[in-house]
Structure formats: C-alpha cells, structure tokens
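Spelled out from the first residue to the last, the chains are:
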Amino acid sequence: MALQTSESSRKLAYLKAVLANMPQGISVFDEHLRLRVWNQGFMDVLELPPDAVYEGVHFSDLIRIPAQRGEYGPGDPEEHVQRITGLALKFEAHCFERTRPNGKTNLVQGEPLYLDGALAGFITTYTDITERKAAEEGLRTQHDLFQTVIEAIPAGISLFDKDLKLVLHNQAFLQLLDFPPSLLMQGPVTLEKLFRFNAERGEYGAEDAEKVVDALVERVKNPTAHHFERTRPNGTTLEIRGVPLSGGGFVTIYTDVTDRRAAAEREQLAQKVYTHTPTGIIFTDEAHRILSINPATTQMTGYESFELVGHTVQSLASFADPVEAASLQMSLTSMGAWQGELPVTRKNGDEFPAGIRISRVDDPHSGAPAHYIWILVDITERKQAEERMRHMAQTDALTGLPNRLALSSRLGQLLPEAKRHDWTVAVMFIDLDRFKVINDTLGHQIGDELLCQVASRLSTVTRETDFVARLGGDEFVVVLPGINSPSDAAIVGGKIISALSAPIEAEGHELHTSPSIGISLFPNDGVDANTLLKSADTAMYHAKANGRNNYQFFANEMNLVAAERLDIERKLRHAINRNELALEFQPQFRADGNEPTGVEALLRWHHPTDGMISPARFIPVAEETGMIVEIGEWVLLNACREMKRWIDAGLKPMRVAVNVSARQLHRRDFCETVANALIVTDLPAELLEIEITESSVMQNPAEAIQILLKLRAMGISLAIDDFGTGYSSLAYLKLFPITHLKIDRSFVRDIDTDLNDRAIAFGSIALAHSLGLHVIAEGVETQEQLALLRDNGCDEVQGFLLSRPMNSAAAFALLHARCRAG
C-alpha cells in the first residue's frame, strides 16, 4: 500500500502539524526508506543542511552527511552508509544513545510503522538528553564519591530503611560481621534475614534461633539510639552505635575495638600487677629520682611513697664499689638494662639482699633516656635456701662429712695458695678393708653405721685445719695442708690405722675393719687435684696389695702397677665372651700315691696377644671388681660339665673340687647357683667339692655356717683350703660342716727340713682327724714329703710329684689309666 493516498495525505498533514510542535526530532521513512515526515527538531539534532532535507530523499543520502563528517567513526564513509542502511532495511525496533562530536548526546528510538496492518516504514524520535546525561553523571560521581568515603571509613556501616531492608553498606560491614557476599545477593536483604543468619550460626549463643530472631526483630521495630559492645564467637569485640533516621530506618556503625579492649585490659592488668605484685617496682626519671613506688616497695622497705618521691634510688640501694656503679651505668647506656644483686636498706636501718633489674625507657621522639623502671625482689629466703643447698650439695648425707664436690672445691682453693706460699700438702686416700663383705652380709643399715663411726674417728685424729671428706662407698680422703715433711703424713696415717683398729659396735654386732691408705704429696706427686687424688688412689691399691691395714706413699713405679691392673681389668671383662678362659685339672691321690680320688679344677687365662696370664695377676683384679662372681659361675658350671662328660665316657666317678671366692660364698643366691649347675650338668651332688678359704668363712662365721649347712644338705663335700694361713678360730672350725681340710703348700714345702712346718702340718692332720675330717696336703713335690705325710696319717695328696695340672683330655687319659691300673 502506498503512503501517498488522499487519506494518507490528510493524515500526514495532520501528523506534520503535530510533529512540528514536539521538542524531539521526528522522522518517518516509508517502506522504501524515503523520507516522508520530519520536523525541525530532526534537522537540528542531526545538524542536517536545509537543502538536503526534502520529501522523498533516501535514507542513505541523509546518513551520508554525518558519515562524511566522521560521526560514525573512522573508515570509509560509504561502508558506514551501507552498514547502517542495511540495518534500517530490517525495520526492527531499536533504541540507543549516541554522543555526537559536538558533545551532545541523543537518545534514538525507532519503531516499525504499520498502516492498516501493513508495513509502511518506520518512525524514529531523536531526543537531546545531553543535560540529563550530565545530571546522571553528576549523580554517579557523587555516588561514587560517597561510596569511596564510606569504604574509607575504618568501620562497618549499614543503612536500613523503614521497612528494615538494607539499602547501603560498605565492605567493612561484611568483613567485621563475617557475612558472605552471597548472602546479600539472594533477593532483598532484610535485617530479619541477617538476624536469622547470625542466630543459626550461633552468633547469639545456644538459644533457640527463632526465638532470638523474633525478639531482635520486635526490638528494632521502634528503633532508638543505641551503643554497646558485643564479642563475637571468633573473639572479635565490636563497638556498635546505631542512630534512627527521621524518615524511618536507622544507620549503624560497627567498630573493631578488639585491640583497644585488649589494651585496656592489659592496662588494667598492669595496674593490678603494679598494685598487688609482691615485687617492688620503682618508677624514676632519667636521673634515677623516684617518681612513684608500688605498695610492695613500701612493705619491703618500710618507706611510704611520699617519703621516697624526689629522692634517688641510691638512697635505698647503693654500690659499695664505685667500679660496680660505673658498670651499672655503662650497661644501662649500652644495653638499656642491668640485672644483679644489691643490698637494700630498710627504714629501720636493716639491710636485706635484693635481686634488682633495671630497664631504661626512652623518649619516643628524641630517643633519649626518659625514665627507668627498677624491679626489686627480696631474695633473703633464696639466699638462705642457696646456702642450705650449697651445704647439702657439698655434704655427705650419711656421715655429715664434706663430699667429693666439697673436696674438689677445697683443693681448688688450697693448691694455688700452697703454690704461692711453697707449702707441702698431703692427700690421703683411705679405703676400708672388708667393708663390702660387712655391708652385703649384715645389711646396708649396719654398713651405714660403720661408715658413720669411721667418719667420726677420722675427724678426731685430724686437726681443725685438716680436711676430711667421704667420696662415696667406703672411700674417704684426708687433706693435710701445710705439713713440714712426709713424716707428718705418716704420723697421721698411723693414727688413722690405730683409731680404726678398735672394734666398732653396730646394733649388737662387733665389727672389725682396717684402712688401706695411699698418700700423695703436693707438689711432688701432682700439682692439681685430679692428679693428686689419682696418685693417692694408686698408692692405696699398693697398700692393699701389701697386706692391707697400712699406708703407702705414692711412687712413680706404682703407676706402672696401676696401669697394668687397669689393662688386666679391661681385658678380663671380655675374656668369657671371647672364650679365652679354660680349665686345667690337677688330680688328687690317696696318700700312697696310687689311686686317684678326685681332681681340683684350676682356672687358666690365655690371652690372644699377651699369652698365658697368671692367676696371681688376674684373680685379685677379678675379686676387687666383682667379676669373680661371673667367672666363678663359669668355672663351677664347666668343672661339673667336664666331670659328667668323663664319667659318661667310662671314668670311675670321683669328686671334682672347685674353688669359691668370698664374694661368691656370701651372695644370697650362691646355693641356688650351685644347685643349678648340678641340675644343668646332671652331676651327682656327692661328686662336687666346694673349696673355701679360712678368711672367706671368718668374715661372717654365723652366715657362713648357714650357707655351708645348706650345701652339705645337698650332699656336696666342703673343704677348707690353705688351712693355717688365715684367721680361723678352732671354736668356729668345729662348727663348720666341712668334710676335708687342705694343708697349705707353704707348710708342705719345707716339711722335710723345717721342724716348725712339720709340727704345723702334723698338728693339722691330728686336729682334722679329731674333728672327723679328711686331710689333703697340697704342693707335694718330693718323695720325702710324700713319705712323711703318708706315715703321719695324711689321707690324700696333691702336687707336681704326682701330676701337674693338665687340660681336660690329658687329665681324663691319666685318670682313666690310673683307675684301671688300680
């Protein structure tokens, strides 16, 4: 349908009249994109020349004008014309804003035009919105500025309208209240929604969430100004200030006061500490003039605050030594602190020791010292406790004598002084003989009483200037300062031996002990404490080796002996594990020398590098170190095992004798150890003989009798070895359940030439027979000795004349042959 009909003309005329008075630019193009209707506003907005605008002008001709002015951007104007014309031919509704080069902004809105249901073109309006856009930009700028301001405020801000909907907030609001951003994206955000979110996550405690929300919502329906603090579950403390608005709603500011609250609490705590601490606190200026004191200082010194303010601290605490005062000031200057101890004078004139710490407080602006804080602690009790602890640390708890630590301290003071004055100092190392046996057999309580009485006796025979100490166990040390000659030390050594020779009574027991004393001299035997003690210890071992109950002065040769002893001890500790120990067996015969009656097991040590080591060298070391117990058990077990093996191989059953040391005999489990050896080896008990020395049973006769009775009850034979060399009492001897008595080789050796030895040997035989005992003579080496012993009733003999000790195989061969020959 053509737009140019009479009816259409009439309508267009009417339309033009209407459009002419409209403030917007209007254009109407037909379906062929030819201009049919327009107004002056159209020409003004697009700045079209009057001669270019006429009815029927094509759309493309009109837009070519702004295209050629570059209003559509860079590029070929014709390309812009074709592009825009192509869009127009689509006759689609459109709306957009376009800012022209002159700065004006137009709102362009187009709609297709239909007449009687048919497309007749399109109508477009051009509205100048430059002023509106400027106003919007101004509002936007103002809004951005306002948003920047509230975001810059170091507090959370929220604004709720009269319907309690959130209309404004900043990021700090979300952060302080820990609201997730997604919470504010879910529809309108109401205060009730935020209350519910908080309640459900326990922000208001463990109460029912809905009840809490209802109560809070009811409260804010009539908002009033409010100010309170709330500590969230995460520990953050918020100060919340709310103000209602005149038009409804309210604005709230949330401030994080956690640090401020903590600082206030710290300040309150500091004030409580200052007021209630038992430690004295003095606050001074840069010249140490007192500005304030706390109550503890008053209680400590007796001075009230007003009596000290304005005075220097030196009126309370001062240095006797100016050098120390200068050191304090230097420390404060360089390090800003000083710590030490000073005497403090009370108001009544008394002094007490105070631990003091001074801290410098600098001016924050200039950095110069502004104040000092003096901390005072009364350390009287600590000093007393330290003195008690020092005394305890340096005193032997049992005897009350100085201990090893005190000895070291005393020698540390004495030796430098002795060197300056050219003094001679004696160090006496004392070890009690047989103490361990007494302690093990009678108990530690008896042993302790013995040690206390020994300590008392040592103190009575020394001078006040001498120093007596207990190192531990049964070891004592006496230090003699400033002696004139070694004979002075010898005199004291004699006094000690004499003092300890008298019996000691302890809980009904009469105890006997004796000292082995080693003496070293300063400076000849050492110039330091360790060397002197080591030298005295070495001399003490030499005294033990010389029969005990004597004193020996240190000599350099003793170091060789001590070194050898230590070497033996070190190697002996590995001898069993390395299979270095072995047994030899020396047969025993009837006195006629024909029929073997048994063997004595003898311990031998073959070291891989040192070769055969004599028992005389290693047995004493084993005794002293206690290794004899383990070694003795090994000997017992293997001796029983060999005899059982021989019997199983066809040898006539005979006894095997095993030597047992005093340490083994007096062990509480000795009888069980012997029984176990018999069980393990399956050797009959009557074939085992235990040899013990006189001295071992006389250490504690009553206990020895009980042990020997148990062994006899098991069927084991018992022999007293080396009879005549010990300290046996005939009164006790008849009580011992022994079966054999062995005459020591020292009496047999000269029996054919020495009448005394002959008398002792023959007397021992007669004594033994009177007690119902068999007699074995050791060390028989000549036919003359054998004849004398046989003719005077000796029952059995043992010695090189009949057989030397030999290994197991040789001993078995000899015994097997002699038994068959007999």
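The rules we used
- Along each chain, residues carry numbers from 1 onward, in the same order as the chain's sequence is written.
- Restriction of local features to residues with pLDDT of at least 70 applies here, the model being predicted, together with a cutoff of 80 or more for giving and counting side-chain atom pairs; totals for whole chains, interfaces and linings are based on all residues.
- Neither water nor hydrogens contribute to the side-chain values; these are computed over all heavy atoms in the structure.
- Elements are defined by DSSP. Helices are runs of H or I of four residues or more, strands are runs of E of two residues or more, and each kind is numbered from the N terminus.
- We take the radius of gyration over the C-alpha atoms and set the globule estimate at 2.2 Å times the residue count to the 0.38 power.
- Type-normalised accessible area, obtained with a 1.4 Å probe on protein chains alone, sets the label of each residue: buried when under 20%, exposed when over 50%, and partly exposed for intermediate values.
- By definition in these notes, contact holds between two residues if any of their heavy atoms fall within 4.5 Å.
- Per-residue and other accessible areas follow the Shrake-Rupley method at a 1.4 Å probe size, with only the shown protein chains counted as cover for residues.
- All tallies of charge rest on Lys and Arg as positive and Asp and Glu as negative; His and the ends of each chain are not included.
- For the purpose of locating charges, the reference atoms are NZ of Lys, CZ of Arg, CG of Asp and CD of Glu.
- Of all possible arcs, the one meant is that of the directions from the helix axis to the C-beta atoms.
- Strand pairing requires that DSSP identify at least two bridges connecting the strands.
- Here, axes are lines fitted to C-alpha atoms. For helices the fit covers the stretch in contact, and angles between N-to-C directions go from 0 to 180 degrees.
- In this analysis, rings of Phe, Tyr and Trp, with Trp reduced to its six-membered ring, are considered paired at centre separations within 6.5 Å, and the interplanar angle assigns stacked below 30 degrees, edge-to-face beyond 60, and tilted for intermediate values.
- A positively charged side chain is recorded as over a ring if its NZ (Lys) or CZ (Arg) lies within 6 Å of the ring centre. The angle to the ring normal must also be within 35 degrees.
- Defined by distance alone, a disulfide is two cysteine sulfur atoms within 2.5 Å.
- Orientation categories follow fixed angle ranges, with anything under 35 degrees roughly parallel, anything over 145 roughly antiparallel, 65 to 115 roughly perpendicular, and all other angles oblique.
- By the convention adopted, Pro, Cys, Tyr, Trp, Phe, Met, Ile, Leu, Val and Ala count as nonpolar, Lys, Arg, Asp and Glu as charged, and the other residues, Gly among them, as polar.
- Lining residues are those with an atom within 4 Å of a point, where the points come from a 1 Å grid over the protein atoms alone and group into cavities, where a 1.4 Å probe fits but cannot get out, or pockets, open sets with protein on both sides within 12 Å along at least five of seven lines.
- Grid points are joined across faces, edges and corners, and a volume is the space filled by probe spheres set on the points.
- Salt bridges are defined as contacts in which a side-chain nitrogen from Lys or Arg sits within 4 Å of a carboxyl oxygen from Asp or Glu.
- Think of a polar contact as two N or O atoms within 3.5 Å of one another; within protein, one of them needs to be a possible hydrogen donor and the other a possible acceptor, and neighboring residues in sequence only count if both atoms come from side chains.

A.B. asks: Would you mind going over the overall build of the chain with me for this structure?
C.D. replies: Of the regular secondary structure elements, the chain holds 30 helices and 31 strands. The globule rule puts the C-alpha radius of gyration for 822 residues at 28 Å, and the 59 Å found for the chain is more than 25% above it. Burial analysis of the chain (822 residues in total) assigns 43% to the buried set. Look at the contacts in the chain between residues 6 or more apart in sequence, and 56% of them connect residues 24 or more apart. Of the accessible surface of the chain, which amounts to about 42,500 Å², a share of 54% is contributed by carbon and sulfur atoms. Where the 79 positive side-chain charges of the chain centre and where its 110 negative ones centre are 3 Å apart.

A.B. asks: What should I look at first to understand helix H29 (residues 783-791) in this one?
C.D. replies: For the α-helix, the turn length of 3.6 residues means that residues three or four positions removed from each other point alike. Taken residue by residue, H29 has Gln785, Leu786 and Leu789 as its buried positions. Buried residues in H29, looked at end-on, bunch into an arc of 100 degrees, giving them a common side. Facing away from the buried side of H29 by more than 90 degrees, the exposed set consists of Gln783 and Asp791. Looking at the buried residues of H29, the elements they touch are helix H27 (745-748), helix H28 (755-770), strand E30 (774-777) and strand E31 (796-797). Directly after H29, the chain includes Gly793, whose backbone phi takes a positive value near 90 degrees.

A.B. asks: What's the story with the sheet that holds strand E6 (residues 156-160) in this structure? I'm lost.
C.D. replies: Working definition: the strands of a sheet are paired by backbone hydrogen bonds and lie parallel or antiparallel to each other. With antiparallel pairing, five strands are arranged side by side in an open sheet as E7-E6-E10-E9-E8. Strands at the two margins of the open sheet, each flanked by one partner only, are strand E7 (166-169) and strand E8 (226-231). Strand-to-strand twist across the sheet, computed as the mean angle between neighbouring axes with direction ignored, equals 20 degrees.

A.B. asks: Help me understand the packing of aromatic side chains in this model?
C.D. replies: Aromatic ring pairs are defined here through the distance separating the ring centres and the angle between the ring planes. Evaluated as defined, the whole model comprises twelve aromatic pairs. Relative to Phe553, the ring of Tyr551 has its centre 6.2 Å away and its plane inclined at 90 degrees; by these criteria the two rings are edge-to-face. Its relative accessible area of 29% is what places Tyr551 among the partly exposed residues. An aromatic cluster is defined as three or more aromatic residues linked by ring pairs; in this entry it consists of Phe29, Phe59, Phe91 and Phe122. When the ring centre of Phe800 is taken as origin, the NZ or CZ atom of Arg804, which lies over that ring, is 4.0 Å away.

A.B. asks: Looking at this structure, how should I read the state of the cysteines?
C.D. replies: Disulfide: a covalent bond connecting the sulfur atoms of a pair of cysteines. Inspection of the entire model under this criterion finds zero disulfides. The thiol sulfur of Cys794 is not disulfide-bonded, and the nearest other cysteine sulfur, from Cys819, lies at 19 Å.

A.B. asks: What is the right way to look at the sheet that holds strand E1 (residues 25-30) in this model?
C.D. replies: As summarised here, the arrangement of the five strands in space is E2-E1-E5-E4-E3, forming an open sheet in which the pairing is antiparallel. The two strands at the open ends of the sheet, each matched to only one other strand, are strand E2 (35-38) and strand E3 (94-99). Sheet twist, expressed as the mean angle between neighbouring strand axes with direction ignored, is 20 degrees.

A.B. asks: Just checking my understanding: could you explain the packing of helix H14 (residues 404-421) against helix H18 (residues 529-545) for this structure?
C.D. replies: Any two packed helices are characterised by the angle at which their axes cross and by the distance between the axes. Across the interface, H14 lies against H18 with an axial gap of 10 Å and an inter-helix angle of 115 degrees. Overall, the two elements H14 and H18 adopt an arrangement that is roughly perpendicular. The residues of H18 that touch H14, namely those facing Leu407, Leu411 and Leu415, are Ala529, Leu532 and Leu533. Taken together, the residues of the contact of H14 with H18 sort by class into six nonpolar, no polar and no charged.

A.B. asks: Got a minute to help me understand the environment of Ile483 in this structure?
C.D. replies: The topology assignment puts Ile483 in strand E18 (residues 475-483). On the basis of relative accessible area, Ile483 is assigned to the buried category, the value being 8%. A sequence separation of 38 residues divides Ile483 from Leu521, and the C-alpha atoms of the two residues are 9.8 Å apart. Residue contacts for Ile483: discarding those within four places in its chain leaves Thr424, Ala426, Arg463, Asp488, Ala489 and Leu521.

A.B. asks: Is there a simple way to explain empty space enclosed by the protein in this structure?
C.D. replies: Left-over empty space is what a probe sized like a water molecule reveals as it rolls over the atoms. Using the criterion set out here, one finds one cavity of 30 Å³ or more in the structure. Roughly 40 Å³ of internal volume is contained in the largest cavity. Its residues placed into classes, the lining of the largest cavity shows two nonpolar, two polar and three charged.

A.B. asks: For this particular structure, what's the right way to read the pattern of salt bridges?
C.D. replies: Opposite charge on two side chains allows them to pair when their charged atoms are near. Tallied over the full model, the rule gives 47 salt bridges. Across the pair Glu595 and Lys652 runs a salt bridge, and its minimum N-O distance is 3.0 Å. Of this pair, Glu595 sits in the loop between strand E23 (581-590) and strand E24 (596-607) while Lys652 is found in the loop between helix H21 (627-648) and strand E26 (655-659), placing the two residues 57 residues apart along the sequence. Its relative accessible area of 29% is what places Glu595 among the partly exposed residues. Among the charged side chains, a network of salt bridges with common partners joins Asp178, Arg201, Glu203, Arg230 and Arg232.

A.B. asks: Any chance you could explain the pairing of E26 here in plain terms?
C.D. replies: Most of E26 is tucked away, with four of its five residues classed as buried. As judged from the four bridges shared by E24 and E26, these two strands associate in the parallel manner. Within the sheet, the bridge partner assigned to Glu600 lies in E26 and is Ala657. One ladder, built from four bridges, connects E26 with strand E27 (residues 688-693); its direction is parallel. Note on E27: the bridge partner recorded for Val656 is Leu688.

A.B. asks: Explain the environment of Ser535 to me, please; I cannot follow it from the model alone.
C.D. replies: With respect to the helices and strands, Ser535 occurs in helix H18. Note on Ser535: relative accessible area 5%, which makes it buried. Spatially, the C-alpha atoms of Ser535 and Leu184 are 91 Å apart, while their sequence positions differ by 351 residues. With near-sequence residues (within four places) excluded, Ser535 lies in contact with Ser520, Asp525 and Phe554. A polar contact of 3.0 Å, which involves the side chain of Ser535, links it to the backbone oxygen of Asp525.

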